[in-house]
Amino acid sequence: MVEIRKVGVIGAGQMGVGIAHVAALGGFDVVLQDVSHERAQAGLQRIEANLARQVASGKLAEDAKLAALSRIVAADGVQAMRDADLVIEAATEEEAVKRRIFQQVCPELRPDAILATNTSSISITRLAASTDRPEQFVGIHFMNPVPIMKLIELVRGIATSDETFASAKAFSDKLDKVTTVSEDFPAFIVNRILMPMINEAIYTLYEGVGSVENIDTSMKLGANHPMGPLQLADFIGLDTCLSIMQVLHDGLSDSKYRPCPLLVKYVEAGWLGRKTKRGFYDYRGETPVPTR
């Protein structure tokens, strides 16, 4: 069992920044890397801003913020992962991109280092087989936003060793998270249930059963959801929702997982939700306005 002290995070987007944030608060040294040093530095700046918000809201002490920031380094290249005990890939939800990252980083890692992916849907077994260390490969799926959401899904591939899984569990426990264990099937537990619900909400809109506002209001007040499904889809990213539905549809060959044509159309338009300022809502003004 590898004792994890230093963590590498590949990908300085929303998920990677969140993972680096909680890992540093958990007492781990963190190396944050992306396709360029500038993007990694921008990710570090977002972490600093997020920690400052936690201090301002009384959820974090100033000295804890400074200690966490002192543990994070923005890296220039995967060579910075050479002395990491655990490296977590948190890139976009595209298998080809993840495989390319593993090909780049594996030659740089120590032989005993653990490699993990934050994928929300893709086969851990298949990703592990593309690396030089399938026994030391594991799925560590954080929820978004990482600093707020308490859950981590741990997913072991067919080759994942007991020691690797135990190390991943010990790491997750130190982050003050609750872990669930999922078998390695498409989309695991959370997204196997959540994404078809979102997809069905989009079908409900597509078929004219209800408007964006009525669908979200119905689920918030009728099912006590804190956020409507279309609002949640915008928060997650419509491209990510589509990718997960495609993984479910391809992996399980069941028509009930067919992505809604309206979801496909929004993604083709580049209306991906909050990150592009347009999705099922338009976020370019002071108040979000439904786009349909």
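Residues numbered from 1 in each chain as written. Predicted model: local features only at pLDDT ≥ 70, side-chain atom pairs only at ≥ 80, totals over all residues. Heavy atoms only, no water.

**Some thoughts on the UniProt feature "domain: 3-hydroxyacyl-CoA dehydrogenase NAD binding" (unreviewed entry) in the protein chain**
Alright, step 1. UniProt feature "domain: 3-hydroxyacyl-CoA dehydrogenase NAD binding" (unreviewed entry): in the numbering of this structure it lies at residues 6-184.
Alright, step 2. Secondary structure across residues 6-184 comprises 39% helix and 21% strand; the distance between its end C-alpha atoms is 26 Å. (UniProt positions renumbered as here; feature names shortened; annotations may be inferred. Helix = DSSP H or I, 4+ residues; strand = E, 2+ residues; numbered from the N terminus.)

**Thoughts on the layout of surface pockets**
Alright, step 1. In this model, the largest pocket occupies a volume close to 1,400 Å³.
Alright, step 2. Q14, M15, N144, I236 and T240 are the residues nearest the centre of the largest pocket, which is lined by 48 residues in total.
Alright, step 3. Elements supplying a minimum of two residues to the lining of the largest pocket: helix 1 (14-25), helix 4 (95-105), strand 6 (137-142), helix 7 (190-206), helix 9 (229-236) and helix 10 (238-252).
Alright, step 4. Sorting elements by how many residues they give to the lining of the largest pocket places helix 4 first, with 5 residues. (1 Å grid on protein atoms, 1.4 Å probe; cavity = no way out; pocket = protein on both sides within 12 Å on 5 of 7 lines; lining within 4 Å. Points joined across faces, edges and corners; volume = space filled by probe spheres on them.)

**What to know about the side chain of T179**
Alright, step 1. Within the secondary structure, T179 sits in strand 8 (residues 178-182).
Alright, step 2. Contacts of T179, omitting those with residues within four sequence positions, involve I152, L154, K169, S172 and D173. (Contact = heavy atoms within 4.5 Å.)

**Observations regarding the pairing of strand 5 (residues 114-117)**
Alright, step 1. Because side chains alternate across strand 5, one face comprises the buried residues I114 and A116, and the other comprises L115 and T117, equally buried.
Alright, step 2. Summarising the sheet, strand 4 (residues 86-89) and strand 5 pair through 4 bridges and their orientation is parallel. Pairing of L86 across the sheet is with I114, part of strand 5.
Alright, step 3. In the classification by handedness, the crossover that spans strand 4, the intervening helix 4 and the parallel strand 5 is right-handed.
Alright, step 4. Bridge count between strand 5 and strand 6: 3 bridges; the pairing is parallel. Across the sheet, L115 pairs through a bridge with F137, a residue of strand 6.
Alright, step 5. Each parallel crossover has a hand, and the one from strand 5 via helix 5 (residues 124-129) to strand 6 is right-handed. (Buried < 20%, exposed > 50% of the residue type's maximum accessible area, 1.4 Å probe, protein only. Pairing = 2+ DSSP bridges. Right-handed = clockwise from strand over helix to strand, strands pointing away.)

**Here's the deal with the packing of helix 7 against helix 9**
Alright, step 1. Packing of helix 7 against helix 9 brings their axes to within 9 Å, and their N-to-C directions diverge by 120°. Where helix 7 crosses over helix 9, the two elements pack in a sense that is left-handed. Note on element contacts: helix 9 touches helix 7 through P229, L230, L232, A233 and I236, opposite L194, M195, M197, I198, A201, I202 and L205.
Alright, step 2. For the contact of helix 7 with helix 9, a count of residues per class yields 12 nonpolar, no polar and no charged. (Axes fitted to C-alpha atoms, helices over the stretch in contact; angles between N-to-C directions. Left-handed = near helix turned anticlockwise from the far one by under 90°. Nonpolar A, V, L, I, M, F, W, Y, C, P; charged D, E, K, R; others polar.)

**Concerning the pattern of salt bridges**
Alright, step 1. Evaluation of the coordinates by the stated rule reveals 17 salt bridges.
Alright, step 2. K65 is the salt-bridge partner of E62, the closest N and O atoms lying 3.3 Å from each other. Residue E62 and its partner K65 are both found in helix 3 (residues 62-70); the two are separated by 3 residues, about one turn of the helix.
Alright, step 3. Within this structure, D85, R110 and D112 form a network of salt bridges that share partners. (Salt bridge = Lys/Arg side-chain N within 4 Å of Asp/Glu carboxyl O.)

**Here's the deal with the UniProt feature "domain: 3-hydroxyacyl-CoA dehydrogenase C-terminal" (unreviewed entry) in the protein chain**
Alright, step 1. Within this numbering scheme, the UniProt entry marks residues 188-283 as carrying the feature "domain: 3-hydroxyacyl-CoA dehydrogenase C-terminal" (unreviewed entry).
Alright, step 2. Its end C-alpha atoms 31 Å apart, residues 188-283 is made of 61% helix and 2% strand.

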